[in-house]
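Architecture and fold: a report
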Amino acid sequence: MWLDPEKAETQYFLGLTYFALNRLEEAEKALEIAIENGFEPLLQAKQKLAEIYLYDKKYSLAVQYYEGVLKEDPKNVDNFVRPVWMYLEQIFDPKKALALAEEAVEKNPESAMAYNLLGWAHLANGNLEKAEKFLQKALELDNELAAAYLNLGKLREAEGK
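Scope of this entry: the structure provided in the associated data block.

1. What about helix H6 (residues 94-107)?
Owing to its 3.6 residues per turn, the α-helix brings residues three or four apart onto one side. Between the first and last C-alpha of H6 there are 20 Å, a value that for 14 residues agrees with the 20 Å anticipated at 1.5 Å per step. Within the span of H6, buried status applies to Ala97, Leu98, Leu100, Ala101, Ala104 and Val105. The buried residues of H6 occupy an angular sector of 165 degrees when projected down its axis, which confines them to one face. With respect to the buried face of H6, the exposed residues turned more than 90 degrees away are Lys95 and Glu106. Buried residues belonging to H6 abut helix H4 (59-72), helix H5 (78-89) and helix H7 (112-124).

See the structure below:
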């Protein structure tokens, strides 16, 4: 029995296999075809493709797919972490990072990580008072959130302390 190259599932699993073999271009193409052919769950395919683009340092494409994931699953704060990081550390667009971090808090108002992202984004935009406020809020919600302590340390450095 031969594999059906038109079948979305075939392309999806082929993409995973290529990724495991570090054949990134082939993995990207196979996953793009899987998405075009209606692979379900779509969210899973988009996440994997975003991960592959990130691994391949194609940050603009990766962030597009991560934002697609956010549209489908905005209640999972973990889905905001990588696109905010890419906008801050790889693409250097702190305004877009700030917009995503604000959305993270809006969709996840009880999440320490969401407030941490918002504090980090304000720090990158030079809003030190707001950064302090949101990082402290993150620590109120979870006083063991290492990322918030890291960003608070960056804030103290920015303040010259």
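Past the structure itself, the notes keep going.
2. Brief notes about the packing of H5 against H6
Where H5 meets H6, the axes come as close as 7 Å, and the angle between the chain directions of the two elements is 160 degrees. The angle between H5 and H6 falls in the class roughly antiparallel. Between H5 and H6 lies a crossing of left-handed hand. Along its contact with H5, which presents Phe80, Pro83, Val84, Tyr87 and Leu88, the element H6 presents Pro94, Lys96, Ala97, Leu100, Ala101, Glu103 and Ala104.

3. Some remarks on the pattern of salt bridges
One pass over the full model with this rule turns up 8 salt bridges. Glu26 is paired through a salt bridge with Arg23; the nearest N and O atoms lie 2.6 Å apart. On the basis of relative accessible area, Glu26 is assigned to the partly exposed category, the value being 32%. Three or more residues joined by partner-sharing salt bridges are found here, namely Glu132, Arg156, Glu159 and Lys161.

4. A word on helix H3 (residues 42-55)
Under the 1.5 Å per step criterion, the end-to-end length of H3 is 20 Å for 14 residues, consistent within 8% with the ideal 20 Å. Listed in full, the buried residues belonging to H3 are Ala45, Lys46, Lys48, Leu49, Ala50, Ile52, Tyr53 and Leu54. Where H3 is buried, its residues touch helix H1 (8-20), helix H2 (24-36), H4 and H5. One or two steps after H3, the chain reaches Lys57, where phi turns positive at roughly 60 degrees.

5. So, the packing of helix H8 (residues 128-141) against helix H9 (residues 146-158)
Between H8 and H9, the least distance of the axes is 10 Å, while the angle of their chain directions is 155 degrees. One element, H8, and the other, H9, form an angle in the roughly antiparallel class. In terms of crossing hand, the pair formed by H8 and H9 is left-handed. Between H8 and H9, the contacting residues are Leu128, Ala131, Glu132, Leu135, Gln136, Ala138 and Leu139 on the first element and Ala148, Tyr149, Asn151, Leu152, Leu155, Arg156 and Ala158 on the second. Among the residues making up the contact of H8 with H9, the classes are represented as 10 nonpolar, 2 polar and 2 charged.

Parameters and conventions
Residues numbered from 1 in each chain as written. Predicted model: local features only at pLDDT ≥ 70, side-chain atom pairs only at ≥ 80, totals over all residues. Heavy atoms only, no water. Helix = DSSP H or I, 4+ residues; strand = E, 2+ residues; numbered from the N terminus. Expected span 1.5 Å × (residues − 1). Buried < 20%, exposed > 50% of the residue type's maximum accessible area, 1.4 Å probe, protein only. Arc of directions from axis to C-beta. Contact = heavy atoms within 4.5 Å. Axes fitted to C-alpha atoms, helices over the stretch in contact; angles between N-to-C directions. Parallel < 35°, antiparallel > 145°, perpendicular 65-115°, else oblique. Left-handed = near helix turned anticlockwise from the far one by under 90°. Salt bridge = Lys/Arg side-chain N within 4 Å of Asp/Glu carboxyl O. Nonpolar A, V, L, I, M, F, W, Y, C, P; charged D, E, K, R; others polar.

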